[in-house]
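Here are the chains, one letter per residue:
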Amino acid sequence: VDDMVASGEGVDLEGEERELTVLFSDVRGFTAFSESIPPEELTQVMNRLLTPLTEAIHAHNGTIDKYMGDAIMAFWGAPLHDSAHVEHALEGAFAMLAALNEINQTFTQEGKPSLAMGVGLNTGPMSVGNMGSSFRMAYTVMGDNVNLGSRLEGLTKAYGVSVLVSETTAQEAPQWCCRRLDKVRVKGRAAPLWVLEPVGKWAQLSDGQKAWQAAFEQAVGLYQAREFGNAEAAFNALDDPDDPPTQLYLQRIGYFTENPPPPDWDGVWTHTDK
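It should be emphasised that the depicted structure is a prediction, and the values quoted were computed from it without experimental measurement.

Points about the overall build of the protein
In step 1: Broken down by element type, the protein carries 9 helices and 9 strands.
In step 2: The C-alpha atoms of the protein give a radius of gyration of 20 Å, which matches the 19 Å a tight globule of 274 residues would have.
In step 3: Projected onto the principal axes, the alpha-carbon positions of the protein cover approximately 60 × 45 × 40 Å.
In step 4: In the protein, which comprises 274 residues, the proportion classed as buried is 46%.
In step 5: A separation of at least 24 residues holds for 68% of the contacts in the protein among residues at least 6 apart in sequence.
In step 6: Approximately 13600 Å² of the protein is accessible, and the part contributed by carbon and sulfur atoms is 50%.
In step 7: Positive and negative side-chain charges of the protein, numbering 19 and 38 respectively, have mean locations separated by a distance of 5 Å.

Brief notes about the environment of G267
In step 1: Looking at where G267 falls in the secondary structure, it is placed in the loop between helix 9 (244–258) and strand 9 (269–270).
In step 2: Residue classification places G267 among the buried positions, given a relative accessible area of 1%.
In step 3: Between the alpha carbons of G267 and Q224 there is a distance of 5.1 Å; along the sequence they are 43 residues apart.
In step 4: Residues contacting G267, with those up to four places away along its chain left out, are K183, Y223 and Q224.

Description of the packing of helix 8 (residues 228–237) against helix 9
In step 1: In contact at an axis separation of 10 Å, helix 8 and helix 9 are set at 155° when each is read in the N-to-C sense. On the basis of their axis angle, the class for helix 8 and helix 9 is roughly antiparallel. Viewed along their axes, helix 8 and helix 9 form a crossing whose handedness is left-handed. Residues F228, A231, E232, F235 and N236 of helix 8 pack against T246, Y249, L250, I253, F256 and T257 of helix 9.
In step 2: Per-class residue counts for the contact of helix 8 with helix 9 are 7 nonpolar, 3 polar and 1 charged.

Some thoughts on the packing of helix 7 (residues 207–224) against helix 9
In step 1: Running from N to C, helix 7 and helix 9 cross one another at 20°; their axes reach a closest spacing of 12 Å. The orientation of helix 7 relative to helix 9 falls into the category roughly parallel. The element helix 7 and its partner helix 9 pack so that their crossing is left-handed. In this structure, helix 7 uses W212, F216, V220 and Y223 to contact helix 9, whose residues at the interface are P245, T246, Y249, R252, I253 and F256.
In step 2: In the contact of helix 7 with helix 9, the residues fall into 8 nonpolar, 1 polar and 1 charged.

Quick look at the pairing of strand 4 (residues 116–132)
In step 1: For strand 4, a buried count of 12 out of 17 residues is recorded, marking the element as mostly surrounded by other parts of the structure.
In step 2: Relative to strand 4, strand 1 (residues 16–28) is paired through 13 bridges, and the arrangement is antiparallel. In the sheet register, R28 faces strand 4, and the bridge partner there is A116.
In step 3: Here strand 4 pairs with strand 6 (residues 163–166) via 3 bridges, running parallel.

Some words on the pairing of strand 5 (residues 137–142)
In step 1: Note that strand 4 and strand 5 share 6 bridges and pair antiparallel. Paired with G129 across the bridge in strand 5 is T140.
In step 2: The antiparallel hairpin formed by strand 4 and strand 5 contains 4 residues in its connecting segment.

Some details on unusual backbone geometry
In step 1: A cis amide bond links A78 to the next residue, P79, at an omega of 0°.
In step 2: Along the chain, P79 falls in the loop between strand 3 (71–76) and helix 4 (85–109).
In step 3: Non-glycine residue R226 carries a positive phi angle of around 65°.

Procedures and definitions
Residues numbered from 1 in each chain as written. Predicted model: local features only at pLDDT ≥ 70, side-chain atom pairs only at ≥ 80, totals over all residues. Heavy atoms only, no water. Helix = DSSP H or I, 4+ residues; strand = E, 2+ residues; numbered from the N terminus. Rg over C-alpha atoms; globule rule 2.2 N^0.38 Å. Buried < 20%, exposed > 50% of the residue type's maximum accessible area, 1.4 Å probe, protein only. Contact = heavy atoms within 4.5 Å. Areas by Shrake-Rupley, 256 points an atom, 1.4 Å probe, with all protein chains shown as cover. Lys, Arg positive; Asp, Glu negative; His and termini not counted. Charge placed at Lys NZ, Arg CZ, Asp CG, Glu CD. Axes fitted to C-alpha atoms, helices over the stretch in contact; angles between N-to-C directions. Parallel < 35°, antiparallel > 145°, perpendicular 65-115°, else oblique. Left-handed = near helix turned anticlockwise from the far one by under 90°. Nonpolar A, V, L, I, M, F, W, Y, C, P; charged D, E, K, R; others polar. Pairing = 2+ DSSP bridges.

Below is the structure:
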């Protein structure tokens, strides 16, 4: 409210369509984590977890939509307009990961297991405003692009990465290096799309890191072109056994080498899970 007053903008909480960036985050393995601590301590742990993650979002102009257990939904660009909502959302996502790292250090010192987190970001037109019933209203965002943000968060598990963004988000953040991971169909969507992993700002990457990213892109291109032998050699040349997407592609190539895809294969991987 202070920010809205200070901005001098006319703020309308009625429903409207606006281009925004939405974020979904989910803590990995929190159910097992919660079972390892006494029930009376769980509420305190949740507050200790969600508070710094929320601070990271607020520090980069994000709006918290809701908490869903250990998951967070947030968005950028409303209620105040923000021409840099994509940049701020990416910065907020990485600030959340940094905050989780600090939380894990404290948890480890207390004998608790460390936690991982998946974050999905998507940018596009969304309906935003007060929505709900005559009993309860909430300022929230809705629409297909919101649903896609949730799907991207879920896919972080499949690719073994912490953050995934849509091609739209990556295109609107040219200062960020986002490696194309895969061309996919997500559950509930017929049209394929590229999913990408933001790895950092171009200005902060070393020449070696930039070269590695270019080599990964080339390997993915060979895979998409059905040149599985060359693609396998290119992925092996990356020499990174600790990179989950690289190992995932090598597994796929091994399968397609033994079981060639049909002639009309379009290089798209269909995900049936949320």
